[in-house]
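In case you want the letters, here they are:
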2 protein chains.
Amino acid sequence: MTAEERHLRLYQEIRSRICLLDYPPGAKLGEEALAAEFGVSRTPVRRVLARLADEGLVAARHGVGTIVTDVDARELGQVYELRMELAQLAGWLSPLPITERVVTEAQDFVQRGAALAAAPAPRDFATLNMAFFDFGLGLCGNAALAEMSERLYYRTARIWLQTIPALDLAQEAAFFHDEMRQVATALEARDPRAAALIRRAHISMSYQRLAAA
Amino acid sequence: MTAEERHLRLYQEIRSRICLLDYPPGAKLGEEALAAEFGVSRTPVRRVLARLADEGLVAARHGVGTIVTDVDARELGQVYELRMELAQLAGWLSPLPITERVVTEAQDFVQRGAALAAAPAPRDFATLNMAFFDFGLGLCGNAALAEMSERLYYRTARIWLQTIPALDLAQEAAFFHDEMRQVATALEARDPRAAALIRRAHISMSYQRLAAA
DNA sequence: TGTGGCCGTGATGTACACAACATGCCGGCA
DNA sequence: TGCCGGCATGTTGTGTACATCACGGCCACA
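Nothing here was measured: the structure is a model prediction, and the numbers come from that model.

**Points about helix α6 (residues 122–137) of chain A**
Item 1. The terminal C-alpha atoms of α6 of chain A, which comprises 16 residues, lie 23 Å apart, in line with the 22 Å expected from a rise of 1.5 Å per residue.
Item 2. All of the buried residues in α6 of chain A are F125, A126, L128, N129, M130, F132, F133, F135, G136 and L137 of chain A.

Set out below in structure tokens:
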């Protein structure tokens, strides 16, 4: 395994733990502890934590520790405002041709969404949401747009699991299932712009519910 | 001076050198050489190069060196497409109130633009362009949007100086001067959306001229 | 003379030791 | 009893030696 692959695995693993609240905001990510867990030295771990710090997910303070950051309301609103616009743009800037395989994947997501709605669990919800988001990135032919969208998504993804206790989990799962059904319908019609508009609408509604809670 | 400040200075300095072609695409950035120049060890330098690698400005290859990347035509087009949209969004998503000081700064940029048009020089051109871009970032109240715009700008900024020999330098300086005049006029009218639309228009026209060369 | 393998050289990647720093505790003193 | 200062402890930041890797030149051999 090459160095870059190791870095990517470590990065995605720790990022995932932050977004799934295995490391909640305020948690201390000890470099030594992580190094021991993954069987490497502090150096590659610091490389990953530096990247997470650049992306705003953690903050390293000398003599104290590397702390998972919190998401304040102002930042959250700004990120969602921008995410809405980018989600729509994904349907207009170089959308990739919708292949049969893409449609099949979308239908598979609908089924997984149905299973989630039947037995909702916060962690499964968040995991499926991340997977569906990654699927959406694959439909975007503009690499820069996909990169920015991913960066923004993961920047605030963790507040979702933080807010779930104040929301109706079953209703949220139903909304999510509906979103996937509508997106799948748009993709079956080979209409990337419709899919993008649906995504934008659901991001908007999701934020409204988040902000109200 | 704190560690983060040192990092930021080093980062901005090296990024500037890349965008001003002091380090042209293909150039090797030796960690040891940079460390010696700035009077530090390889460690902080590697921290900076890692960030530049994450942003796509350089590529570190084990056993070879850290190389300044080139910008291919497809990436350039996608980045400009997205930058146009973001430039317009800056006028709509939380634009900051336009103070008297902002107007004064804009008028100062117009004067500097006039001086540049009177005696055009590629490097001065690029430097003023970067300064004017940073000024524009300060008008955007959406921190996420400003961050993404900056990232995208610096990602392809170097192709400008690369393409200048194939363009009409005096004409480009005149275009740039016009852009600053129009933006200043919009800001004097306290109309951030007009300023944003002007920025978008000039990004679009600038790309058309770049792509034709 | 052409070619293939070996090795020197220099680069980035990793590990580790030490410096710099923040925090909390504990004891002395007013 | 309250407060203040020093110190122990643990953390991130830095420096440095070594491991790993790629490239290019050189030499042996066919």
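**Observations regarding the pattern of salt bridges**
If the charged atoms of two oppositely charged side chains come close together, the side chains can form a pair.
Item 1. All told, the structure shown has 36 salt bridges over all chains when counted by the stated rule.
Item 2. The salt bridge involving D54 of chain B is made with R47 of chain A; its shortest N-O contact spans 3.4 Å. You can see D54 of chain B sitting in helix α3 (residues 42–54) and its partner R47 of chain A sitting in helix α3 (residues 42–54), one on each of two chains.
Item 3. Among the residues examined, D54 of chain B registers a relative accessible area of 24% and is labelled partly exposed.
Item 4. Note that E105 of chain B is salt-bridged to R101 of chain B, the shortest N-O span being 3.8 Å. With E105 of chain B and R101 of chain B both in helix α5 (residues 100–118) and 4 residues apart, this pair spans about one turn of that helix.
Item 5. The class of E105 of chain B is partly exposed, set by a relative accessible area of 32%.
Item 6. Relative accessible area serves as the criterion here: at 61%, R101 of chain B is assigned to the exposed category.
Item 7. Ionic contacts of the salt-bridge type, sharing partners, join the residues R51, E55, E75, R151 and R155 of chain A together with E147 of chain B into one network.

**Section: the protein's contact with DNA strand D**
Item 1. Every one of the 23 residues lining DNA strand D counts as a neighbour, but R46 of chain A together with R6, S41, T43 and H62 of chain B are closest to it.
Item 2. Of all atoms in DNA strand D that approach within 4 Å of the protein, 64% are sugar or phosphate atoms.
Item 3. At 3.5 Å from a phosphate oxygen of DNA strand D is found a main-chain nitrogen or oxygen belonging to E31 of chain A.
Item 4. In this structure, a base oxygen belonging to DNA strand D sits 3.1 Å away from a side-chain N or O atom of H62 of chain A.
Item 5. Elements with a minimum of two residues in the surface near DNA strand D: α3, β1 (58–61) and β2 (65–68) of chain A together with α1 (3–19) and α3 of chain B.
Item 6. The element contributing the most residues to the surface near DNA strand D is α3 of chain B, with 3 residues.
Item 7. Taken together, the residues that form the surface near DNA strand D break down as 7 nonpolar, 9 polar and 7 charged.

The rules behind each value
Residues numbered from 1 in each chain as written. Chains lettered and ligands numbered in written order. Predicted model: local features only at pLDDT ≥ 70, side-chain atom pairs only at ≥ 80, totals over all residues. Heavy atoms only, no water. Helix = DSSP H or I, 4+ residues; strand = E, 2+ residues; numbered from the N terminus. Expected span 1.5 Å × (residues − 1). Buried < 20%, exposed > 50% of the residue type's maximum accessible area, 1.4 Å probe, protein only. Salt bridge = Lys/Arg side-chain N within 4 Å of Asp/Glu carboxyl O. Near = heavy atom within 4 Å. Polar contact = N/O pair within 3.5 Å; in protein donor to acceptor, adjacent residues only side chain to side chain. Nonpolar A, V, L, I, M, F, W, Y, C, P; charged D, E, K, R; others polar.

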